[in-house]
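A closer look at the structure
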Amino acid sequence: MHSWIQHIDEAAAVIRPHLSGAPKVGIILGTGLATFADQLEPQAVLDCADIPHFPRATALGHRGRFVCGSVSGTPVVAMDGRFHAYEGYSLQQTTLPVRVMKALGAEVMIVSNASGGLNPKLAEGDVVVIADHINLLSSNPLTGINDDRLGPQFPDMSRPYDRALGEQALEIARRENFTAVAGVYVGVCGPCYETRAEYRFLRAIGGDVVGMSTVAEVIVAVHAGLRVLGLSVVTNVCRPDALAPTDGQRVLRAAQAAESKIGRIVRGIVAELDPPAESPAQPGERTTGAL
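The following refers to the structure shown. The shown structure was predicted, so the numbers you read here are calculated from the model rather than taken from an experiment.

Observations concerning the overall build of the protein
- When you go through the protein residue by residue, the secondary structure sums to nine helices and nine strands.
- A compact globule built from 291 residues would reach a C-alpha radius of gyration of about 19 Å, and the protein, at 18 Å, matches this within 12%.
- Taken along the three principal axes of its C-alpha coordinates, the protein extends 50 × 40 × 40 Å.
- For the protein, the residues scored as buried account for 54% of the 291 residues in total.

A closer look at the packing of aromatic side chains
- The full count for this structure, using the stated rule, is three aromatic pairs.
- Seen from their ring centres, Phe-54 and Phe-83 are 6.2 Å apart, and the 90° between their planes marks the pair as edge-to-face. Remark: Phe-83 occurs in the loop between strand 4 (74-80) and helix 3 (91-94) and Phe-54 occurs in the loop between strand 2 (41-47) and strand 3 (65-71); sequence separation between them is 29 residues. When sorted by exposure, Phe-54 lands in the same class as Phe-83, which is buried.
- Between Phe-83 and Tyr-89 the ring centres are 6.3 Å apart and the planes differ by 75°, which places this aromatic pair in the edge-to-face class.
- By the ring-pair criterion, three or more aromatic residues cluster together here, those being Phe-54, Phe-66, Phe-83 and Tyr-89.

Re the pattern of salt bridges
- One pass over the full model with this rule turns up nine salt bridges.
- The partner of Asp-80 in a salt bridge is Arg-65, with the nearest N and O atoms 2.9 Å apart. Here Arg-65 lies in strand 3 and Asp-80 lies in strand 4, a separation of 15 residues in the sequence.
- Under the relative-accessibility criterion, Asp-80 is labelled buried at 0%.
- Between Arg-200 and Asp-241 there is a salt bridge, and its shortest N-O distance comes to 2.8 Å. Residue Arg-200 is found in helix 6 (residues 196-204), and its partner Asp-241 is found in the loop between strand 9 (227-237) and helix 8 (248-257); the two are separated by 41 residues along the sequence.
- Classification of Arg-200 as partly exposed rests on a relative accessible area of 41%.
- The class for Asp-241 is exposed, based on a relative accessible area of 72%.

Thoughts on the nonpolar core
- In this structure, Phe-54, Phe-66, Val-100 and Met-109 are the most contacted members of the largest nonpolar core, which totals 49 residues.
- Considering every element that reaches this core, the biggest residue donor is helix 7 (residues 215-223), with seven residues.
- The contacts of Phe-54, once residues within four sequence positions are left out, are Ala-11, Cys-48, Phe-66, Met-79, Phe-83, Leu-96, Pro-97 and Val-100.
- Counting 32 residues, the second-largest nonpolar core is a separate cluster that includes Ile-27, Val-129, Ala-169 and Leu-231.

Some points on the environment of His-223
- Locating His-223 in the fold gives a position in helix 7.
- For the pair His-223 and Pro-191, spaced 32 residues apart in sequence, the C-alpha to C-alpha distance is 26 Å.

Description of helix 9 (residues 259-271)
- Between the first and last C-alpha of helix 9 there are 18 Å, a value that for 13 residues agrees with the 18 Å anticipated at 1.5 Å per step.
- Residues of helix 9 that are buried: Glu-259, Lys-261, Ile-262, Gly-263, Ile-265, Val-266, Gly-268, Ile-269 and Val-270.

A word on helix 4 (residues 96-104)
- Within helix 4, seven of the nine residues are buried, which leaves it mostly tucked inside the rest of the structure.
- Positive phi appears at Gly-105, one or two residues downstream of helix 4, with a value of about 125°.

Observations concerning the environment of Cys-238
- Here Cys-238 lies in the loop between strand 9 and helix 8.
- Separated by 143 residues in sequence, Cys-238 and Thr-95 place their C-alpha atoms 28 Å apart.
- Aside from chain neighbours lying at most four places away, what touches Cys-238 is Gly-116, Gly-117, Leu-118, Tyr-199 and Leu-243.

Description of the pairing of strand 9
- Counting buried residues in strand 9 gives 10 out of 11 residues, a clear majority hidden from the surface.
- Across three bridges, strand 6 (residues 127-136) lies against strand 9 in antiparallel orientation. By the bridge assignment for strand 9, Val-129 is matched with Leu-231.

Reading the values: the criteria
- Residues numbered from 1 in each chain as written.
- Predicted model: local features only at pLDDT ≥ 70, side-chain atom pairs only at ≥ 80, totals over all residues.
- Heavy atoms only, no water.
- Helix = DSSP H or I, 4+ residues; strand = E, 2+ residues; numbered from the N terminus.
- Rg over C-alpha atoms; globule rule 2.2 N^0.38 Å.
- Buried < 20%, exposed > 50% of the residue type's maximum accessible area, 1.4 Å probe, protein only.
- Phe/Tyr/Trp six-rings, centres within 6.5 Å; stacked < 30°, edge-to-face > 60°.
- Salt bridge = Lys/Arg side-chain N within 4 Å of Asp/Glu carboxyl O.
- Core = buried A, V, L, I, M, F, W, Y, C linked by side-chain atoms within 4.5 Å.
- Contact = heavy atoms within 4.5 Å.
- Expected span 1.5 Å × (residues − 1).
- Pairing = 2+ DSSP bridges.

Below you can see the structure in the form of structure tokens.
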């Protein structure tokens, strides 16, 4: 783990001269959501290939750029495309950008993705504000000897997604008049889409949406002490008894069609950022807007 400290420091050292100030927010943009990066008030755009120790993005719809800019005057940094385990990278490699954003000064992490809708109430284009997740990646990015400089060995995961940020996201969607609900994201390795039996299983264990990213990044963000907001765009509905074939291009088009919704939430969240206001959940309490 000690080598990762050096990797983080070396990557951050290349990025830091391009910043006008410490970024308050780090954003990770998933499949089909990349053009939001073009809407940031840009200061610099770096190719990930030019940042030490960053992998190369090979997934469809992921441009592999690190963007330094601002939203509503607030300094932010954004990954224009992410890295995945199915590309052959370790979870430590895929989550390195989260560590670097933290090292640059980020306090909040906004993670977005495209997903398959498991819950029958969901439709293509809906936004799910992630309230919790299930890790089926078969591994964990914290595996190995822990370095206390990065975070505690056994981070608490009782509430990985910041409740106040989630409520803000749902309120923004209500104001903007589009569908957004709270739900559970299941993270799988991929790269193939699921079988009918797997969709039934994922729904049975409590999943509302399923995708091939996000969970490892959120685990690392929690380990690093960041507040996390997770946003998922439903790009295909997963009805085991009436399952239509899907492919990457269809998912990409569906995510692009819904991209403005993610953009409106992100801009609203950044504009309204305030100190965390956590209150313990009461027994049996449901998250507002939950499916």
